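# Understanding the architecture of this molecule
Residues per chain, in single letters:
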Amino acid sequence: MTLEQLRIFVEVAARQHITQAASHLHMTQSAVSAAITALESRHRVALFDRVGRSIVLNQAGRMFLKEAQAVLASARAAEAALMDLSGLMHGELSIMASQTVAGYWLAPRLAEYRKCYPGIALDIRIGNTEEVTDAVADGRAEIGLIEWPQERRGLSMREVATDEMIAIVAPEHAWADGKPRTVRDFPQTAWILREPGSGTRRAFESLLQTAGLTVDTLDIPMSLPGNETVIGTVEAGLGATLISRSIATPFLRAGTLKEANIPALPRPFFLLRHQERYRSKAADAFDAMISAGNSGEQA
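Residues numbered from 1 in each chain as written. Predicted model: local features only at pLDDT ≥ 70, side-chain atom pairs only at ≥ 80, totals over all residues. Heavy atoms only, no water.

For the chain, the name recorded in an unreviewed UniProt entry is HTH-type transcriptional regulator TtuA, with Rhizobium grahamii as its organism. Check the Function (unreviewed entry) section of the UniProt entry for the chain; it says "Transcriptional regulator of the ttuABCDE tartrate utilization operon." Annotation of the chain in UniProt includes, under Sequence similarities (unreviewed entry), the sentence "Belongs to the LysR transcriptional regulatory family." (UniProt positions renumbered as here; feature names shortened; annotations may be inferred.)

### Comments concerning the packing of helix H2 (residues 18-25) against helix H3 (residues 29-43)
Their axes nearest at 8 Å, the elements H2 and H3 cross at an angle of 110°. Here H2 lies roughly perpendicular to H3, going by the angle between them. Residues Ile18, Thr19, Ala22 and Leu25 of H2 form the contact with H3, whose own contacting residues are Gln29, Val32 and Ser33. Here the contact of H2 with H3 is composed, by residue class, of four nonpolar, three polar and no charged. (Axes fitted to C-alpha atoms, helices over the stretch in contact; angles between N-to-C directions. Helix = DSSP H or I, 4+ residues; strand = E, 2+ residues; numbered from the N terminus. Parallel < 35°, antiparallel > 145°, perpendicular 65-115°, else oblique. Contact = heavy atoms within 4.5 Å. Nonpolar A, V, L, I, M, F, W, Y, C, P; charged D, E, K, R; others polar.)

### Side note on the environment of Gln29
As for its placement among the helices and strands, Gln29 is situated in helix H3. Separated by 117 residues in sequence, Gln29 and Ile146 have C-alpha atoms that sit 34 Å apart. A polar contact is formed between the side chain of Gln29 and the side chain of Thr19, at a distance of 3.2 Å. (Polar contact = N/O pair within 3.5 Å; in protein donor to acceptor, adjacent residues only side chain to side chain.)

### What to know about the UniProt feature "domain: HTH lysR-type" (unreviewed entry) in the chain
As annotated in UniProt, the feature "domain: HTH lysR-type" (unreviewed entry) corresponds to residues 1-58 in the numbering used here. In residues 1-58, helix accounts for 62% and strand for 14%; the two terminal C-alpha atoms are 20 Å from one another.

### What about the packing of helix H1 (residues 3-15) against H3?
Angle between the axes and distance between the axes: these two values describe a pair of packed helices. Taken N-terminus to C-terminus, the directions of H1 and H3 make an angle of 105°; their axes are 9 Å apart at the nearest point. With respect to H3, the element H1 is oriented roughly perpendicular. Across from Gln5, Ile8, Phe9 and Val12 in H1, the residues of H3 making contact are Val32, Ala35, Ile36, Ala38 and Leu39. Residues of the contact of H1 with H3, tallied by class, amount to eight nonpolar, one polar and no charged.

As structure tokens, this is what we get:
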């Protein structure tokens, strides 16, 4: 078994699609298929079920995936330790960010970091707040950036910026009239929400609690896994949503969305790191840059 086989297996498991994994790995489809076949044949175990032209990770594959991810995380930590000897001239930094943070706030910070440390390759991934926290906890990302506090044993969490959550609607929506409303008015309209596990969804549920409400008391026709799909659905007039001002601003300026007259909810962004895993100089440099330029700033 080689690290390359493990890396290929993890990518195929993440996508459950040979062609997509091959494209991401910059490999041919046949090479990826051969690596999976060799891994299964050598150990006489099927890791995927072949269903028609599709592959699906089976129970054995799911058990093996966790171990494979742990081995790759250890290998990355070992490589980072060696790269640190080069004094930030070479190496890689793995960062995973939640959608809201990655969409608007993170990009200029990455550009600044790249300018300062051009020899450091950046491995950037996106997920919801819970997925980001899991990745840092498991060692699959050295730095995590999230928009809702996540307490997890072994992880440190520090606020690095502050955004606002605002309620937005289509221009034809009744709440586009500018009249003041509060959380207690939320049952009066349908809501299009992000998926459970996202920081945006948790912020919405937290706001409901201040008025003694729950999601069960609201009309929620859709829960969607991305900011773009939520905004598109709200633009179509299917309901209201609560979303970061940084994401909504371009649509507000264009007039395709309107901000409802509801008090904004402050929403901090947090940087996550593991307290016990190896802390590379590349990650320390990114952490220091964020601390120097962004602590407590408005996103």
